[in-house]
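Residue strings, one per chain:
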Amino acid sequence: MINGAHVILYSRDAEADRAFLRDVLRFPHVDAGGGWLVFRLPPAELAVHPAEASDRELYLMCDDVHATVRELTSLGVEFTEPVSSAGWGLRTALRLPGGGVVGLYQPRHEVAHGG
């Protein structure tokens with residue numbers, strides 16, 4: 001019945017963020033028309049956490065957060081916080097050119113996407 005998920009990031013500079021996803025993170029993409037890029041994401045998971053109000057977060061996952069931070073920093077990516085331990089994994093966050101922030105983490109738990 002459900003065959004995928006579509007994540008939308010709202011940005012103050014969508015063109016710069018699209019270039020970042022294309023050129024820095026090297027996500028494969030299609031042009032949906034007129035330069036409107038839609039990116040293929042790595043395998044994904046969905047978790048539901050308890051909270052007082054509905055909200056959402058986006059975390060990209062990696063196998064080695066320290067190596068990934070070093071590589072992305074060498075490409076000019078700004079990280080908004082140092083790597084820290086959060087029971088479920090090692091986490092940090094990177095700033096998109098448009099000003100948004102995306103989490104990055106190395107999970108310590110078994111992953112649902114299988115690899």
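Refer to the structure printed above.
Just so we're clear, the structure is a prediction, and the values are computed from it rather than from any experiment.

## Details of the pattern of salt bridges
Going through the model one piece at a time under the given rule, you end up with 5 salt bridges. Close ionic contact of Asp 55 with Arg 56 constitutes a salt bridge, the shortest N to O distance being 3.8 Å. We note that Asp 55, like Arg 56, is exposed. Put simply, Arg 95 and Glu 78 hold a salt bridge, and the shortest N to O gap is 3.6 Å. Here Arg 95 is found in strand 5 (residues 89-95), whereas its partner Glu 78 is found in strand 4 (residues 78-86), with 17 residues between them in sequence. Take Arg 95: its relative accessible area is 31%, and that puts it in the partly exposed class. Among the residues examined, Glu 78 registers a relative accessible area of 43% and is labelled partly exposed.

## Points about the side chain of Arg 91
Mapped onto the fold, Arg 91 is located in strand 5. A distance of 2.9 Å separates polar atoms of two side chains, one belonging to Arg 91 and the other to Tyr 59. In this structure the side chain of Arg 91 is engaged in a polar contact, spanning 2.4 Å, whose partner is the side chain of Glu 81. Sequence-distant contacts of Arg 91, that is, excluding residues within four places in its chain, are made with Tyr 59, Glu 81, Pro 82, Val 83, Ser 84, Ala 86, Leu 104 and Tyr 105.

## Details of helix 2 (residues 65-74)
Within helix 2, burial applies to Val 65, Thr 68, Val 69 and Leu 72. Viewed along the axis of helix 2, the buried residues span an arc of 100 degrees, placing them on a single side of the element. Turned more than 90 degrees away from the buried face of helix 2 sit Arg 70 and Ser 74, all of them exposed. Buried-residue contacts for helix 2 involve helix 1 (14-24), strand 4, strand 5 and strand 6 (101-107). N-cap assignment for helix 2: the residue whose side-chain oxygen lies 3.2 Å from the backbone N of His 66 is Asp 64. A positive backbone phi angle near 95 degrees is found at Gly 76, which sits one or two residues after helix 2.

The rules we used
- Residues numbered from 1 in each chain as written.
- Predicted model: local features only at pLDDT ≥ 70, side-chain atom pairs only at ≥ 80, totals over all residues.
- Heavy atoms only, no water.
- Salt bridge = Lys/Arg side-chain N within 4 Å of Asp/Glu carboxyl O.
- Buried < 20%, exposed > 50% of the residue type's maximum accessible area, 1.4 Å probe, protein only.
- Helix = DSSP H or I, 4+ residues; strand = E, 2+ residues; numbered from the N terminus.
- Polar contact = N/O pair within 3.5 Å; in protein donor to acceptor, adjacent residues only side chain to side chain.
- Contact = heavy atoms within 4.5 Å.
- Arc of directions from axis to C-beta.

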